[in-house]
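# Observations on chain architecture
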Amino acid sequence: MYHCPVNICLVGVTDECAHIVATTEPLHPFSHQVFRTDDPNAAEVARAEALFIDVTDRDAAALVGAVLEHKKHWAKLVVIARHEQVPELAAFFDAIADIWIAPLSTQEFTYRYTHWQHLCRRDADAWETEQFLEATINSIPCLVWYKSKDGIHHKVNDAFCATVNKEKDDVQGRGHAYIWDVEADDPACIESERQVMESESTIVSEEVVQTGDGTRLLTTYKSPLYNVDGSVMGTVGVAIDVTQERAYEGEIVEKNRTLETIFTTMECGVITHSQDGSRVVGVNQAALNILGYESEEDLVAGGFDMVAHSVLPEDADRLRAAIATLKNVGDSVSTEYRVRHDNGDILHVLGNVKLIENDGEPMYQRFLLDYTDRKLAEVQKERHQKELIHALSEDYLIVCSFNLDTGEGVPLRVSGDETRHLDDLFCGTLMLERCIDEYLASAVHEDDRATLGEALSAQNLRRALAETTRIHVNYRTERDGDVEYCQATAVRTGDWAEGHDIVLGFRSVDAQTRDEMKRRALLEEALDQANKASAAKSAFLSNMSHDIRTPMNAIVGFTTLAGSRIDQPEKVREYLDKIQSSSTHLLSLINDILDMSRIESGKVALDEQPCSLVDLLDDLYSIVQAEASARQLYLTVNTSGLAHPNVRCDKLRINQILLNLLGNSLKFTKPGGFIKVNVEEVPGAPEGYGRYRFTVSDTGIGMSPEFVDHIFDPFERERTSTISGIQGTGLGMSITKNLVDMMHGTIAVESKKGVGSLFTIELTLALDARGEGAARVRAEKAAHAHPHTVHGSRILLVDDNDLNREIAITLLEDEGFAVEYAVDGQEAVDKLRASGADHFQLVLMDVQMPVMNGYEATRAIRNLDDERLARIPILAMTADAFEEDRQKALRCGMNGHLTKPIEISKLFEALDTVLA
């Protein structure tokens, strides 16, 4: 039935072998198209379903690897190789269908190729057979299963899964108890399967199966399954669930018994007469009393002819018509009618007529029951129910009852609001379709008519109410241009299996809906604000964790290296330069993290300054190289492709982007791997700008195509055993993407599992108009750093931390300042008061100290009696780095604010400014 066209690609195959493939007739139903190539052409390899590769005189692993990179995953690959080349192919055994050992004679190649054709047809035939089997067993409503000797279900069909309410993967490989939600396997089921396997014959039986929801009755057909050697390996079963059918039969029997009991135990009248009604065979006194006669003779004399004369004329014709419906012996019919006695009393009679056979003659046997009292009670109850319905439906504009089978209905309550004109639409005998159509056209908003009309169709109501007892549908009405929110409610009544009766109501929910809309808007606004706050906090934590650790690792690493090479001054100087570079980057990150106003608003401004991309990449290499060496990785940075290295950019943000990418490469590349960073200029930039392409590539574990599609989503990390145990928040790539977007750039990623990843970033940066702008800025800063304007000035350093004092004192004394210190604010005030106005020229004041903090000490100094001493310059030098801390320092009387850790250039710049 099937047809299988096959594209065959021959790579490096000899002319003789290629001729055999091209001229050999394909087996039915296959057709072949053969094409050759000396090297693995990607396009031809990709469209082939079968590939034959001759690697006898070539690099076997390289050639097979190149083919596998482009072939379809299900295409068959046959490799022709010399015996000694087989070890080279070991890594590809799972992807190779067969290896033919060269040299091959023409006869041997023909045999192998013909044998390969037969294997392909065998696989296709097996696939077709499996398709036939699956389509057959899953299209029939019967339960089908295949079980092993130990009772494990190895295969089931869709109907089986629907019956047990489980997925196939949750059923196959499981036993009876688990599948049917019971504690133990069914002994009867086990016994029947044992008999099937022992007798090796089909057994048909009815089995009661215990389930977690009760019992089910199945008609089963069980047959043996055989092994290849002919022994029995299990059973195949087919079952029909007859639970519901048996329940219906029992229900019918029970109803008949109930009816017979009613007529035999109560005071029930009985009449038996001929089929034409001319002859009364028998009548009991109860029947005579009900019909208003003293004796059988009075009944006959009164003109009994199928129907007694006392039956009201309007009911007599309906009673005759009911009797006429009985055609076969055993048929019966029930009906109600009324009887008038001579004294004027009206009795309500519940009658049943059955066609029976008496001595071969068909007759009618009739039962009469006086239920006048019950009828009056029902009338009273109906009246009471109507009153209850009216009271309970006070909030409804319309309440009606309908039978969904006939569409007929009656109004139970209609609003007295004359402006709605509902009395005209819902009055008298109603038809569901007509009433809904007229209501839709006259009152319902045009945008909601189709939805409400479909929801209230008889077909949809039957389907929806079969699963629940009540449904609600919201819609809008429109009156005089005003929109009102309303709700339709349908509730099923009575026995749904016997008749589809409903009560349908319409009410206004305008006030509730508008209040709910206001509350929902407030909640959505609050949720949006909460999400923004959460996103800002997540960005803060991600930047702090991911970005600080990389330069910190370089600082720690080069500090260790410097300590181990203390006797090599050149090396130590090199390491100190790298520590300085990493420290500068770390300090920039910390200052940015502490800027809480920008983090909370979700805004980060770019600070574009003159910068050399060559220096930027050199600094980046210094930061990362230590960790790369520790992980035994080869790191290269190439800037040879830069024609204009001097640009204006945010160096910190570009560093942050590249460090994020390099951090991932370091984590996910195994020892011995390569990490490459390259930057080059590409065409397409406007005048005065350059377009720069940054690439970061590695030979790491790579990523799946599915993960690559979501790599820039927040918190995304690929879950594989390869990276289990590697820490990370999953925000690094999302942050990187946001930073690139801020710079109006693009970022792309290419990755393959087990091969590695390549990230490409393109940024358009303004060229530095001064040519060597970045170098000149650094030169100017260096020129201004020394010498300081005031040598020999005496400074009072106030700090409670020993290490901080040692660092500050050394830096200041190296630059020619005289330094004295105090360990808290009170000691500083005392030293100033004791020293006099001309002893100290400046105070460097810490803020958080014991005894008296820096703010209190500053206020105390400003309140000293000696006016010259009270005006001494005071600079805050503190780790409190928020903007509000700087403002607080200025408000209490300080002249400036410096943050820790100390940036030497800023410290001496501030000292020169204040002391000048």
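Everything discussed here concerns the structure shown above.
The paragraphs below set out a description of the structure included in this document. (Residues numbered from 1 in each chain as written. Predicted model: local features only at pLDDT ≥ 70, side-chain atom pairs only at ≥ 80, totals over all residues. Heavy atoms only, no water.)

Spatially, E2-E1-E3-E4-E5 is the arrangement adopted by the five strands of the open sheet, whose pairing is parallel. Single-partner strands in this sheet number two, and they are strand E2 (30–37) and strand E5 (98–102). On average, adjacent strands in this sheet sit at an angle of 20 degrees to one another, irrespective of strand direction. The pairing of strand E1 (residues 4–11) with strand E3 (residues 50–54) spans four bridges and is parallel. Residue pairing across strands places Val11 opposite Ile53, the latter belonging to E3. Those strands touched by helix H1 (residues 15–23) are E1 and E2, and its axis lies near 160 degrees from that of E2. (Pairing = 2+ DSSP bridges. Helix = DSSP H or I, 4+ residues; strand = E, 2+ residues; numbered from the N terminus. Axes fitted to C-alpha atoms, helices over the stretch in contact; angles between N-to-C directions. Contact = heavy atoms within 4.5 Å.)

Take empty space enclosed by the protein next. Taken as a whole and judged by the stated rule, the model has two cavities of 30 Å³ or more. In this structure, the largest cavity occupies an estimated 100 Å³ of space. Along its surface, the largest cavity is lined by 14 residues, and Trp145, His176, Trp180, Cys189 and Leu218 are the ones closest to its centre. The set of elements that each furnish at least two residues to the lining of the largest cavity consists of strand E6 (143–148), helix H8 (187–199), strand E8 (203–211) and strand E9 (214–226). Within the lining of the largest cavity, the residues separate by chemical class into seven nonpolar, three polar and four charged. Estimates place the volume of the second largest cavity at around 30 Å³. Lining the second largest cavity we find Ile271, Leu291, Phe304, Ala308, Val311, Leu319, Tyr337, Arg366 and Leu368. Of the residues that constitute the lining of the second largest cavity, the class distribution is eight nonpolar, no polar and one charged. (1 Å grid on protein atoms, 1.4 Å probe; cavity = no way out; pocket = protein on both sides within 12 Å on 5 of 7 lines; lining within 4 Å. Points joined across faces, edges and corners; volume = space filled by probe spheres on them. Nonpolar A, V, L, I, M, F, W, Y, C, P; charged D, E, K, R; others polar.)

Let us now look at the pattern of salt bridges. Between side chains of opposite charge, pairing is possible as soon as their charged atoms come close. Counted by the stated rule, this structure contains 38 salt bridges. With its nearest N and O atoms 3.0 Å apart, the salt bridge here joins Asp181 to Lys166. Residue Asp181 is located in the loop between helix H7 (176–179) and H8, and its partner Lys166 is located in the loop between helix H5 (158–164) and helix H6 (168–171); the two are separated by 15 residues in the primary sequence. Judged by relative accessible area, which is 47%, Asp181 ranks as partly exposed. Residue class for Lys166 comes out buried when judged on its relative accessible area of 15%. Salt-bridge contacts for Glu762 lead to Arg691; the nearest nitrogen and oxygen are separated by 3.0 Å. Of this pair, Glu762 sits in strand E28 (residues 756–767) while Arg691 is found in strand E26 (residues 689–698), placing the two residues 71 residues apart along the sequence. The pair formed by Glu762 and Arg691 is uniform in burial state, with each residue classed as buried. (Salt bridge = Lys/Arg side-chain N within 4 Å of Asp/Glu carboxyl O. Buried < 20%, exposed > 50% of the residue type's maximum accessible area, 1.4 Å probe, protein only.)

Attention shifts here to the sheet that holds strand E13 (residues 332–340). Ordered by their spatial adjacency, five strands build an open sheet running E12-E11-E15-E14-E13, and the pairing between neighbours is antiparallel. With one partner strand each, in any of the chains shown, strand E12 (280–283) and E13 form the two edges of the open sheet. The sheet shows a mean angle of 25 degrees between the axes of neighbouring strands, direction not considered. Pairing of E13 with strand E14 (residues 346–358) involves nine bridges; the strand directions are antiparallel. Bridge pairing in E14 links Ser334 to Asn352.

Before going further, it helps to examine the environment of Val914. Tracing the chain through its elements places Val914 in helix H31 (residues 904–915). By relative accessible area, which is 25% here, Val914 ends up partly exposed. A C-alpha to C-alpha distance of 9.7 Å links Val914 and Gln841, two positions 73 residues apart in sequence. Contact partners of Val914, with chain neighbours within four places excluded, come to Leu842, Pro873 and Leu875.

Taken as a whole, this structure holds 15 aromatic pairs when the rule is applied. Ring centres of Tyr634 and Phe674 lie 5.0 Å apart, and the angle between their planes is 25 degrees; this geometry places the pair in the stacked category. Of this pair, Tyr634 sits in strand E23 (residues 634–641) while Phe674 sits in strand E25 (residues 674–682), placing them 40 residues apart in sequence. Linked through ring pairs, Phe52, Trp100, Phe109, Tyr113 and Trp116 together constitute an aromatic cluster. Between Lys166 and the ring centre of Tyr178, over which it is positioned, the NZ or CZ distance is 5.7 Å. (Phe/Tyr/Trp six-rings, centres within 6.5 Å; stacked < 30°, edge-to-face > 60°. Lys NZ or Arg CZ within 6 Å of the ring centre and 35° of its normal.)

So, about the environment of Ile398. Structurally, Ile398 is set in strand E16 (residues 396–403). The class for Ile398 is buried, based on a relative accessible area of 0%. Ignoring any residue separated from it by four or fewer positions in sequence, one finds Ile398 in contact with Arg413, Leu422, Phe426, Tyr439, Leu504, Gly505 and Phe506.

So, about the pairing of E12. Looking at chain direction, strand E11 (residues 269–274) and E12 are connected through three bridges and run antiparallel. In the strand pairing of E12, Ile271 is matched with Val283. Remark: five residues form the turn of the hairpin made by E11 and E12, two consecutive strands paired antiparallel; Gly277 in that turn has positive phi of roughly 80 degrees.

Here we take up helix H3 (residues 60–70). Buried residues of H3: Ala60, Leu63, Val64 and Val67, and no others. Seen end-on, H3 carries its buried residues on one side only, within an arc spanning 95 degrees. Here the buried face of H3 lies against E1, helix H2 (42–46), E3 and strand E4 (76–82). For H3, the side-chain oxygen to backbone nitrogen distance between the N-cap and Ala61 is 3.4 Å, and the N-cap itself is Asp59. (Arc of directions from axis to C-beta. Polar contact = N/O pair within 3.5 Å; in protein donor to acceptor, adjacent residues only side chain to side chain.)

To continue, consider a negative patch on the surface. A contiguous patch of negative charge, built from Glu446, Asp447, Glu478, Asp480 and Asp482, is present on the exposed surface. Taking relative accessible area as the criterion, Glu446 reaches 57% and is therefore assigned exposed. (Patch = residues over 30% accessible without salt bridge, like charges linked within 9 Å, V, L, I, M, F, W, Y side chains within 5 Å. Areas by Shrake-Rupley, 256 points an atom, 1.4 Å probe, with all protein chains shown as cover. Lys, Arg positive; Asp, Glu negative; His and termini not counted. Charge placed at Lys NZ, Arg CZ, Asp CG, Glu CD.)

Our next topic: the side chain of Thr163. Along the chain, the position of Thr163 falls in helix H5. A relative accessible area of 19% places Thr163 in the buried class. A polar contact is formed between the side chain of Thr163 and the backbone oxygen of Ala159, at a distance of 2.9 Å. Aside from chain neighbours lying at most four places away, what touches Thr163 is Leu143, Trp180, Arg216 and Asp241.

Attention now moves to unusual backbone geometry. The omega angle of the peptide bond from His28 to Pro29 is 10 degrees, so this bond is cis rather than trans. As for its placement among the helices and strands, Pro29 is situated in the loop between H1 and E2. Here Ala102 and Pro103 are connected by a cis peptide whose omega angle stands at 5 degrees. Within the fold, Pro103 resides in the loop between E5 and helix H4 (106–139).

Checked against the element boundaries, Lys147 lands in strand E6. A polar contact of 2.7 Å, which involves the side chain of Lys147, links it to the side chain of Glu193. Those residues in contact with Lys147 that sit more than four places away from it in its chain are Ile152, His153, Cys189, Glu193, Leu225, Met233, Gly234 and Thr235.

Another point: the environment of Tyr178. Within the secondary structure, Tyr178 is located in helix H7. A residue is classified by how much of its surface remains accessible, and Tyr178, at 32% relative accessible area, is partly exposed. In this structure, the C-alpha to C-alpha distance between Tyr178 and Thr211, residues 33 residues apart in sequence, is 9.7 Å. If we ignore the near neighbours within four places in the chain, the residues touching Tyr178 are Lys166 and Asp170.

Three or more residues of helix H15 (residues 432–442) are buried, namely Leu432, Cys435, Ile436, Tyr439 and Leu440. Relative to the axis of H15, the buried residues are bounded by an arc of 130 degrees and lie together on one face. In H15, the exposed positions that point more than 90 degrees away from the buried face belong to Glu433, Ala441 and Ser442.

Here the focus is the packing of H1 against H4. When two helices pack together, their arrangement is given by the angle between the helix axes and the distance between those axes. Where H1 contacts H4, the two axes come as close as 10 Å, and the packing angle between them is 40 degrees. Relative to H4, H1 is oriented so that their crossing is right-handed. Between H1 and H4, the contacting residues are Cys17, Ile20 and Val21 on the first element and Thr106, Phe109, Thr110 and Tyr113 on the second. Of the residues in the contact of H1 with H4, the class split is five nonpolar, two polar and no charged. (Left-handed = near helix turned anticlockwise from the far one by under 90°.)

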